[in-house]
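One-letter residues, chain by chain:
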Amino acid sequence: MGQAGFDQFAKRFSGTVLTPESPEYEDARTLFNAMIATRPAVIAQCATPDDVSAAIAFARSSDLEIAVRAGGHSVAGMSSVEGGAVIDVRPMKDISVDPDQRTARVGAGVTWGEFDRAAQEHGLATTGGRVSTTGVAGFTLGGGSGWIERAHGLACDSLLSVDLVLANGDHVTAGPKEHRELFWALHGGGGNFGVATSFEFRMSPVGPEVLAGLMLWPAAAGPDVAQAYRNVANDAPENLGSGLVGLTGPPEEFVPAHLQGQPACGLAILFNGPIAEGEALLAPLRALAPEVDLVGPMPYADFQCMLDDPPGMRNYWSADYLAELSDDAIAVFLKAGSAMRSPLAQNLMVPWGGALARVSDVDTPMSQRDAAWVFHPFAVWESAADDDANIAWARDSIADMRQFATGGTYLNFIGDEGADRVRAAYGDKNYARLASIKAEYDPENLFHRNQNIRPAGN
């Protein structure tokens, strides 16, 4: 990185350029996953699409590897790069909601917590992250699985357009009528094709008040709870979003003392509809006498923050699709929950279907949109000394469940598990189509710090 070239770049850059000597550098380089401690040579905090173009040009001329950062929630640390250039779009915070047209335009630096709050002023939402600090950009480009997905599809299913800066610095808008193949690829193909700078979404009426919250039982009740929950979820209307959770009873006032620090079985519930209708749906679950029942009317945006992870933790995730949740699969799920090595870890089983399944493999790159369930063990812990044990737990959990798995996966839920898993997420036909689009828009694979799709012919 030549000093003269750097100085010239910094002068015409309207955002903020950080180097390891900058006072703000340490905070700016910190990622969600504390296991990742990369030190980029430069962090270009972009205020405009022109800044993104300038940062790409500078990185290329300086032979610096590029990573793109929005929320920084990539569990594999793909939003940073050792000794390279981070194109940081977090300053792009514009949010504009049109309640009459039910559309919204958001900058690539917006988080779901920010987007949800702005949209809920008009009683609107689109499927957002289950953790409010997740960035809209990476979440949506990777598909976008959230609590209201059975009614409204994945976040990418509500896309109307995406503004993008390409590897050559050009600015394009991908939508149904222009750059159509690129637009298709952006429905789950990740950050492979350029740097997204803004998104336009179709919005849906949600809340502002919903029936939502958490229920908790001791682990011994797990078989009865899981089977009753499966029966409710299999027949539930699409406006019920939910998840079965294996966890450790947290040290909170609302948790009975005998459950704190002990293996537990929980349910996360969000019903967007008449409160009485939702209460009736939950009756079979309440008949099992949860020891914690926090489900009640609450603002949708508040529930979206309810499961936020504490910062500074170490993370390792994985995921698989299931065609059904059999009794045997439930037994494996509960076994994984009882074997967790950290009180911060969680084991999640989420039902798909509904609007998700009405979008075919042809409509978006993601294969197996008809998967019935997603199994998602995610290890979270504090100390580096516990890395091996927690990673082994997540891997063992996936290996045990694989006998029931379909072979597909949702890439936003996993780390770097290799090229075969990326291909499995799309299927051979869609992967080949994505590789052709990649060859057109990023033939040199400049944007490879992601769940990478190599350009066709490379």
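In this report, we go over the structure that sits alongside the text.

The rules behind the values
- Residues numbered from 1 in each chain as written.
- Predicted model: local features only at pLDDT ≥ 70, side-chain atom pairs only at ≥ 80, totals over all residues.
- Heavy atoms only, no water.
- Pairing = 2+ DSSP bridges.
- Helix = DSSP H or I, 4+ residues; strand = E, 2+ residues; numbered from the N terminus.
- Axes fitted to C-alpha atoms, helices over the stretch in contact; angles between N-to-C directions.
- Contact = heavy atoms within 4.5 Å.
- Buried < 20%, exposed > 50% of the residue type's maximum accessible area, 1.4 Å probe, protein only.
- Expected span 1.5 Å × (residues − 1).
- Arc of directions from axis to C-beta.
- Salt bridge = Lys/Arg side-chain N within 4 Å of Asp/Glu carboxyl O.
- Parallel < 35°, antiparallel > 145°, perpendicular 65-115°, else oblique.
- Left-handed = near helix turned anticlockwise from the far one by under 90°.
- Nonpolar A, V, L, I, M, F, W, Y, C, P; charged D, E, K, R; others polar.
- Phe/Tyr/Trp six-rings, centres within 6.5 Å; stacked < 30°, edge-to-face > 60°.
- Lys NZ or Arg CZ within 6 Å of the ring centre and 35° of its normal.

## Here's the deal with the sheet that holds strand S6 (residues 103–107)
Phase 1 of the analysis: Ordered by their spatial adjacency, five strands build an open sheet running S5-S6-S10-S8-S9, and the pairing between neighbours is antiparallel. In this open sheet, the two edge strands, each paired with only one partner strand, are strand S5 (95–98) and strand S9 (171–174). Averaged over all pairs of adjacent strands, the angle between their axes in this sheet comes to 10°, without regard to strand direction.
Phase 2 of the analysis: Of the strands in this sheet, S5, S6 and strand S10 (195–202) touch helix H4 (residues 112–120), which is tilted by about 30° from S5.

## Points about the pairing of S5
Phase 1 of the analysis: Both S5 and S6 contribute to a ladder of four bridges, which runs antiparallel. Pairing of Asp98 across the sheet is with Thr103, part of S6.
Phase 2 of the analysis: Taking the residues that link successive antiparallel strands as the turn, the S5-S6 hairpin has four residues, and the phi of Arg102 there is positive, at about 55°.

## Thoughts on the environment of Gly15
Phase 1 of the analysis: Checked against the element boundaries, Gly15 lands in the loop between helix H1 (3–11) and strand S1 (16–18).
Phase 2 of the analysis: Accessibility expressed as a relative area gives 25% for Gly15, which makes it partly exposed.
Phase 3 of the analysis: For the pair Gly15 and Ala399, spaced 384 residues apart in sequence, the C-alpha to C-alpha distance is 45 Å.
Phase 4 of the analysis: In this structure, Gly15 is in contact with Gln45, Ala47 and Asp51, ignoring residues within four places of it in sequence.

## Observations regarding helix H12 (residues 387–401)
Since the α-helix packs 3.6 residues into each turn, any two residues three or four apart lie on the same face.
Phase 1 of the analysis: Look at H12: 22 Å from first C-alpha to last across 15 residues, which is about the 21 Å you get at 1.5 Å a residue.
Phase 2 of the analysis: Listed in full, the buried residues belonging to H12 are Asp387, Asn390, Ile391, Trp393, Ala394, Ser397, Ile398 and Met401. Here the buried residues of H12 occupy an arc of 150° about the axis, which is enough to place them on one side. Seen from the buried face of H12, the exposed residues on the opposite side, beyond 90 degrees, are Asp388 and Arg395.
Phase 3 of the analysis: In the core, the buried residues of H12 are packed alongside strand S17 (314–317), strand S18 (320–322), helix H11 (327–338), strand S19 (346–351) and strand S20 (373–381).

## A closer look at helix H8 (residues 222–235)
Phase 1 of the analysis: Over its 14 residues, H8 extends 20 Å from the first C-alpha to the last, a length consistent with the 20 Å expected when each residue adds 1.5 Å.
Phase 2 of the analysis: Among all positions of H8, only Gly222, Val225, Ala226, Ala228, Tyr229, Arg230, Val232 and Ala233 are buried.

## A short note on the pattern of salt bridges
Phase 1 of the analysis: Scanning the model with the defined rule gives 22 salt bridges in all.
Phase 2 of the analysis: The shortest N-O distance in the salt bridge between Glu238 and Arg358 comes to 2.6 Å. Here the residue Glu238 occupies a position in the loop between H8 and strand S13 (240–248), and Arg358 occupies one in the loop between S19 and S20, the gap between them amounting to 120 residues.
Phase 3 of the analysis: The partly exposed category is assigned to Glu238, whose relative accessible area is 30%.
Phase 4 of the analysis: Judged by its relative accessible area of 57%, Arg358 is exposed.
Phase 5 of the analysis: Each of the salt bridges in this network shares a partner with another, and the network as a whole consists of Asp320, Arg402, Glu417 and Arg421.

## Let's talk about the packing of H8 against H11
Phase 1 of the analysis: Contact geometry of H8 with H11 gives a least axis separation of 10 Å together with a crossing angle of 130°. One finds that H8 runs oblique with respect to H11. For the pair H8 and H11, the sense of crossing is right-handed. In contact with Gly222, Pro223, Ala226, Gln227 and Arg230 of H8, H11 contributes Asp327, Ile330 and Leu334.
Phase 2 of the analysis: In the contact of H8 with H11, the residues fall into four nonpolar, two polar and two charged.

## Structural notes on the sheet that holds strand S3 (residues 66–69)
Phase 1 of the analysis: Spatial ordering of the open sheet is given by S1-S2-S4-S3, a layout of four strands whose pairing is mixed. Looking along the sheet, the strands with just one partner apiece sit at the ends: S1 and S3. The mean angle between the axes of side-by-side strands here comes to 20°, regardless of whether they run parallel or antiparallel.
Phase 2 of the analysis: In this structure, strand S2 (residues 42–45) lies alongside strand S4 (residues 85–88), joined through four bridges in parallel fashion. For Val42, the partnering residue across the bridge sits in S4 and is Ala85.
Phase 3 of the analysis: Strands S2, S3 and S4 of the sheet are contacted by helix H3 (residues 49–61), whose axis makes an angle of about 175° with S4.

## Focus: the packing of aromatic side chains
Phase 1 of the analysis: Per the counting criterion, the structure on display carries 15 aromatic pairs.
Phase 2 of the analysis: Ring centres of Phe199 and Phe201 lie 6.1 Å apart, and the angle between their planes is 20°; on these two criteria the pair is classed as stacked. For the residue pair Phe199 and Phe201, the accessibility class agrees, reading buried in each case.
Phase 3 of the analysis: The structure contains a cluster of three or more aromatic residues connected by ring pairs, namely Trp112, Phe115, Phe139, Phe199 and Phe201.
Phase 4 of the analysis: Its guanidinium or amino end placed over the ring of Trp147, Arg130 lies 4.6 Å from that ring's centre, counting from NZ or CZ.

## A closer look at the packing of H11 against H12
A packed helix pair is summarised by two numbers, namely the angle formed by the two axes and the spacing between the axes.
Phase 1 of the analysis: Two elements in contact, H11 and H12, have axes whose closest approach is 10 Å; the angle formed by their N-to-C orientations is 170°. Comparing their axes, H12 and H11 come out roughly antiparallel. Residues Ala329, Val332, Phe333, Lys335 and Ala336 of H11 touch H12, and the partners they reach there are Trp393, Ser397, Asp400 and Met401.
Phase 2 of the analysis: Residue classes in the contact of H11 with H12 are distributed as six nonpolar, one polar and two charged.

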